[in-house]
Amino acid sequence: MPKPVVLIAEELSPATIDALGPDFDVRYVDGTDRPALLSALGDANAVLIRSATKVDAEAIAAAPVLKVVARAGVGLDNVDIKAATTAGVMVVNAPTSNIISAAELTIGHILSLARRIPAAHASLAGGAWKRSAFTGTELFEKTVGIIGLGRIGALIAARLQAFGVTVVAYDPYVTPARAQQLGVQLLELDDLLSQSDFVTIHMPKTPETTGMIGAEQFRRMKKSAYVVNVARGGLIDEAALYTALSEGEIAGAGLDVFTSEPPAPEGTAFPLLSLPNVIVTPHLGASTEEAQEKAGVSVAKSVKLALEGDLVPDAVNVAGGVIDPFVRPGIALVEKLGQFFTGLSHSALTNLDIEVRGELAAYDVSVYRLAALKGILANVVSENVSYVNAPLFAEQRGIETRLIVEAESPLYRNITILRGTLADGTVLTVAGTLAGTRMVPKVVGINGYEIEVPMERHHLVMRYADRPGIVAIYGQKLGGAGINIAGLQVAQADASGRALSVLTVDSPVPDDLLDEMRESVGADLFRRIELTEE
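These remarks concern the structure in this document. (Residues numbered from 1 in each chain as written. Predicted model: local features only at pLDDT ≥ 70, side-chain atom pairs only at ≥ 80, totals over all residues. Heavy atoms only, no water.)

### Some remarks on the overall build of the chain
- For the chain, the count of helices and strands is 17 helices and 22 strands.
- For a compact globule of 534 residues, the expected C-alpha radius of gyration is about 24 Å, and the chain comes in at 25 Å, within 12% of that figure.
- With the C-alpha coordinates aligned to their principal axes, the bounding extent of the chain is approximately 80 × 70 × 45 Å.
- Burial statistics for the chain: of 534 residues in total, 50% are counted as buried.
- Pairs at least 24 apart in sequence give 65% of the contacts found in the chain among residues at least 6 apart.
- When the accessible area of the chain is evaluated, it comes to approximately 24,000 Å², of which 52% is carbon and sulfur surface. (Helix = DSSP H or I, 4+ residues; strand = E, 2+ residues; numbered from the N terminus. Rg over C-alpha atoms; globule rule 2.2 N^0.38 Å. Buried < 20%, exposed > 50% of the residue type's maximum accessible area, 1.4 Å probe, protein only. Contact = heavy atoms within 4.5 Å. Areas by Shrake-Rupley, 256 points an atom, 1.4 Å probe, with all protein chains shown as cover.)

What follows is the structure in structure tokens.
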């Protein structure tokens, strides 16, 4: 039997090749040479890439026997995951390969800002000796605010302890018990911003977090405060940052990532670079020899597992292993239910029951637990969440889970219910099913209200005192903003006299309009739900 063909499309460490072992036919191609790449993919069973090779629908179509695309790094912007999934191609990455390097770079930015190291170096290298011009500040007894207490945020918190600082954090999905374990005090975002001397952000980039640090947030910070972003470009509003730095609202900033990279085309100016109180690096979070080697070795191991038919820990788009065809269609439903659950929640999750009822009780549905956690955590942690690492992330956050399987299901052939307890004691439930011969994923229950809403990209969920004219109120608000209501379900009022409406809209609803609608309707529950498209 011929050996499986593994195509190396970019330069990887020797350790990566060693990790593959002798059981593969390893070939090389320049992934940036498009014709050569497409030709080489013709008989490739796996392809290993970094950031320069684009594996899009065209590339996948040119690879009829391709089983796995492996990105030796974290980001997957250069891989068409949807096309790969449609073609049955597994996509894997190395989500933890750079966490130490990113944490250490963050500490480097904080120290460089505190002691003005880059400016002092440039001055001395230019022939000047100006000690008094570069007076800095100690970290000792300062307050450092971490926005996002995932793996990288936790590593930063641990490393900062040695400096004798007070570490505070904002992360609505981390429990107080987990924060206490890390030696961190949880605060609301506004309180963190007003109290911190240094602020570092480590959030995933989603529609909700894009631009989350903007003009209003800078006004809340101390004039002596510094902000650092080594996570994702766009989390900080760069125009607002320029204004805040220029007008002395904050003292300085350290940036490793930018909304566009490089931040300005060659020959053009990037305004932030003109400011003396800004330190920049060209996206170096994963640029250490150790991180690159870890990434290569990690994906090499994943490729071996994938080509041998085993479960792949860092698979992004498939769970791996044997899943019954009757169970498989519900995986995407449960993952979206998890996203819906997160969109409705208002504090950290502590306990989660995944209830599967109906004919599915006769099958192994353990993958649904993984799918639920993946959906719940996808927009919560900054790392890529897979079906295998999701339980680890849940454990780190102190989330206890149970899978409950029952044959009894009086209303639906099959139904999956996510029932979670939040940190404040609130119990939140979301139920879903696949409806009809086309198996349309639908939400069929929210907190005891019976509805039937096909899952789409954009939803609004609101609960309010039932009275005439409510639909007209929010219909007029959305219509005035040019946002079309594609679907509407209103559940009858419960014993408290409150009704629940679930709207499907064609485009995202801006924050200011959300606030206006919430006030007009008098809603005690008002959530925007954004489901990602696989």
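### Quick word on the sheet that holds strand 4 (residues 68–71)
- Taking strand neighbours across the sheet as the criterion, the five strands line up as 2-1-3-4-5 in an open arrangement whose pairing is parallel. A strand with exactly one partner marks an edge of an open sheet, and here the two such strands are strand 2 (25–28) and strand 5 (90–92). Neighbour-to-neighbour, the strand axes of the sheet open up by a mean angle of 20°, direction not taken into account.
- In this structure, strand 3 (residues 46–49) lies alongside strand 4, joined through four bridges in parallel fashion. If you follow Ile-49 over to strand 4, its bridge partner there is Arg-71. (Pairing = 2+ DSSP bridges. Axes fitted to C-alpha atoms, helices over the stretch in contact; angles between N-to-C directions.)

### A look at a negative patch on the surface
- On the surface, a cluster of negative charge is made up of Glu-104, Glu-289, Glu-290 and Glu-293.
- Looking at the negative patch, the element that brings in the most residues is helix 12 (residues 289–307), giving three residues.
- On the secondary structure map, Glu-293 appears in helix 12. (Patch = residues over 30% accessible without salt bridge, like charges linked within 9 Å, V, L, I, M, F, W, Y side chains within 5 Å. Salt bridge = Lys/Arg side-chain N within 4 Å of Asp/Glu carboxyl O. Lys, Arg positive; Asp, Glu negative; His and termini not counted. Charge placed at Lys NZ, Arg CZ, Asp CG, Glu CD.)

### A short note on the pairing of strand 6 (residues 143–147)
- In terms of burial, strand 6 is largely enclosed, as five of its five residues are buried.
- Residues Thr-143, Gly-145 and Ile-147 point to one face of strand 6 and Val-144 and Ile-146 to the other, with burial holding for every one of them.
- Note that strand 6 and strand 7 (residues 166–170) share five bridges and pair parallel. Of the residues in strand 7, the one forming a bridge with Ile-146 is Ala-169.
- Two elements, strand 6 and strand 9 (residues 198–201), share four bridges in a ladder whose sense is parallel.

### Topic: the packing of helix 5 (residues 99–115) against helix 7 (residues 151–160)
- Contact geometry for helix 5 and helix 7: axes closest at 9 Å, N-to-C directions at 50°. Judged on the interaxial angle alone, helix 7 and helix 5 are oblique. As helix 5 runs across helix 7, the sense of the crossing is right-handed. In contact with Ile-99, Ile-100, Ala-102, Ala-103, Glu-104, Thr-106 and Ile-107 of helix 5, helix 7 contributes Arg-151, Ile-152, Leu-155, Ile-156, Arg-159 and Leu-160.
- The residue inventory of the contact of helix 5 with helix 7, partitioned by class, reads nine nonpolar, one polar and three charged. (Parallel < 35°, antiparallel > 145°, perpendicular 65-115°, else oblique. Left-handed = near helix turned anticlockwise from the far one by under 90°. Nonpolar A, V, L, I, M, F, W, Y, C, P; charged D, E, K, R; others polar.)

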